[in-house]
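Residues per chain are reported as follows:
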Amino acid sequence: QLWSKTVFPVDTIDGLSPDTSYCFQVQASLPAEAKEGLFSPVTCATTTHKAVKDLLCPTNLRVLGLDMEFQLLWDHQYPQPVTYNVQYLTGYFKRLPEDYSVKWLGVPGCASVTSRSCQVSSVITTTGFYYLRVQARAEGNKSCLSREVRVEPLKTNELGPPGVKLDLSDTLLHVQISPPGGPKGDFMSDNYGLSYRILYWKNSSNAEEDPRVKETKQTVATLTELTPQTLYCVKVQAISEFYNKSSAYSQEQCTHTPAEKTFPLIIFGTFVVALVAVLFMVLPLGFVVYQAYRKIKYVFFPSCQPPLNIEGFGGELCTSPYLAAPEEPVENCSVIESMITQEGNQIPLKDSQHSKQSSRDSGNYSNDDTTLGSKSSAETLGKELI
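Residues numbered from 1 in each chain as written. Predicted model: local features only at pLDDT ≥ 70, side-chain atom pairs only at ≥ 80, totals over all residues. Heavy atoms only, no water.

### Here's the deal with the overall build of the protein
- Secondary structure summary: the protein contains five helices and 21 strands in total.
- Residues classed as buried in the protein amount to 24% of the 386 residues present.
- Long-range contacts, defined here as pairs at least 24 residues apart, represent 59% of the contacts in the protein between residues at least 6 apart.
- For the protein, the exposed surface amounts to about 27800 Å²; the carbon and sulfur share of it is 55%. (Helix = DSSP H or I, 4+ residues; strand = E, 2+ residues; numbered from the N terminus. Buried < 20%, exposed > 50% of the residue type's maximum accessible area, 1.4 Å probe, protein only. Contact = heavy atoms within 4.5 Å. Areas by Shrake-Rupley, 256 points an atom, 1.4 Å probe, with all protein chains shown as cover.)

Encoded structure:
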């Protein structure tokens, strides 16, 4: 019967039957260059009775990892009290062509334990790979080493459910997602390239509708087209496509969408009313300011033009009609209606009437005092003539 196994330069092959002859031949290979060497000559060996499983040895070693927390578990069937020591080996040492048996180290906190499990996260980092084994020790200094179990952290680890927080804004539901691992969430997100599958559905008293699905690579997603005043439930799953892993769904988170609001209409109506009110206030004020501006401009800066038939203004600006014009100086003069010449001839009455008419026409050159004076002079002259 032929078996094939990939081994390191120094390695252990377990699971062989006792008192049985086995033959081996080895072939070297370079996977990176796709090259394979020739097989070595055949070498045979016979197992002994010591290879029989001892009831003292731990069996069925397995490592469970969740969000980069690793725990080693094993079984045993020994009826007597037994203590266990957990040991680990960094896989790098197995790549070297030398004996690595002295490189095994104890896991802190897993020495002389009586339980069949131990936390081994303290010695496992995110890089490389590791080997774990358990040494059992009973009364009479009996001891036995278990088989080795290989641990590749990113492959062995499983994804836990992400954290979910809901934030509601009108009919928009914002889903805030926390990567699995809590404090190690950033590491999980970076190394696994996580994406998220969101399931959400209406949860009414009548029946639950089929959930809708939204996938995102972001830790914040917005769910739209939701019905107002409705109970919605959400749960999220983390997915790593590269490692072909997916987490369990988070716990359901439910929230009520609010009733439909008319705030936009109210705001629009308020804006329109305010605009109309402002217009009613501004227009009269503008009219008053405009009229005042016209009056002030008319009083202090008149722009009237004189008629063309009026000469002598020479383009001078008109004076304001509301301002008093300076009084022009005039000469005081008297008009005598009739007088006696040196020859004593009396001026005809007709001529005096004509003179009187002429004096009336030339009133622009007399004032009230001169008018009174002319009347008195005429009366005196009439008396003398009589």
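### Structural notes on the sheet that holds strand β13 (residues 157-158)
- If you trace the four strands from one edge of the open sheet to the other, you get β9-β6-β5-β13, paired in mixed fashion. At either margin of the open sheet sits one strand with a lone partner, and together these are β9 (117-119) and β13. (Pairing = 2+ DSSP bridges.)

### Quick notes on helix α2 (residues 185-192)
- Inspection of α2 places G185, M188 and Y192 among the buried residues, and these make up the whole buried set. Within α2, the buried residues cover an arc of 60° as seen down the axis, which keeps them to one side. In α2, the exposed positions that point more than 90 degrees away from the buried face belong to D186 and D190.
- The secondary structure elements touched by the buried residues of α2 are α1 (153-156), β13, β19 (231-240) and β20 (245-246).
- The positive-phi residue at the C-terminal boundary of α2 is G193, with phi of around 55°. (Arc of directions from axis to C-beta.)

### Digging into the environment of V7
- Along the chain, the position of V7 falls in the segment before β1 (21-24).
- A relative accessible area of 36% means that V7 is categorised as partly exposed.
- In this structure the C-alpha to C-alpha distance between V7 and K94, which are 87 residues apart in sequence, comes to 9.1 Å.

### Focus: the sheet that holds strand β15 (residues 172-178)
- Ordered in space as β14-β15-β18, the three strands form an open sheet in which the pairing is antiparallel. Here the strands that pair on one side only, and so sit at the sheet edges, are β14 (163-169) and β18 (220-223). The mean angle between the axes of side-by-side strands here comes to 25°, regardless of whether they run parallel or antiparallel. (Axes fitted to C-alpha atoms, helices over the stretch in contact; angles between N-to-C directions.)

### Observations regarding a nonpolar patch on the surface
- Together, F268, F271, V272, L275, V276, L279, F280 and L283 give the surface a local cluster of nonpolar side chains, amounting to about 830 Å² of exposed area.
- Mapped onto the fold, F268 is located in helix α3 (residues 263-300). (Patch = residues over 30% accessible without salt bridge, like charges linked within 9 Å, V, L, I, M, F, W, Y side chains within 5 Å. Salt bridge = Lys/Arg side-chain N within 4 Å of Asp/Glu carboxyl O.)

### Re the pattern of salt bridges
- Enumeration according to the criterion identifies nine salt bridges in this entry.
- Two residues, E148 and K94, come together in a salt bridge whose shortest N-O distance is 2.6 Å. With a gap of 54 residues between them, E148 in the loop between β11 (142-145) and β12 (149-151) and K94 in the loop between β7 (83-90) and β8 (105-106) connect regions that are remote in the sequence.
- In this structure E148 comes out as partly exposed when scored by relative accessible area, which is 26%.
- The class of K94 is buried, set by a relative accessible area of 2%.
- With its nearest N and O atoms 3.7 Å apart, the salt bridge here joins K155 to E152.
- Residue K155 is classed as exposed on the basis of its relative accessible area of 54%.

### Considerations on the confidence of the model for the protein
- For the protein, the average pLDDT comes to 79, and 74% of its residues sit at 70 or higher.
- Considering only residues more than four positions removed or in separate chains, one finds that residues 380-386, a stretch of pLDDT under 50, has four contacts. (pLDDT = per-residue confidence, 0-100.)

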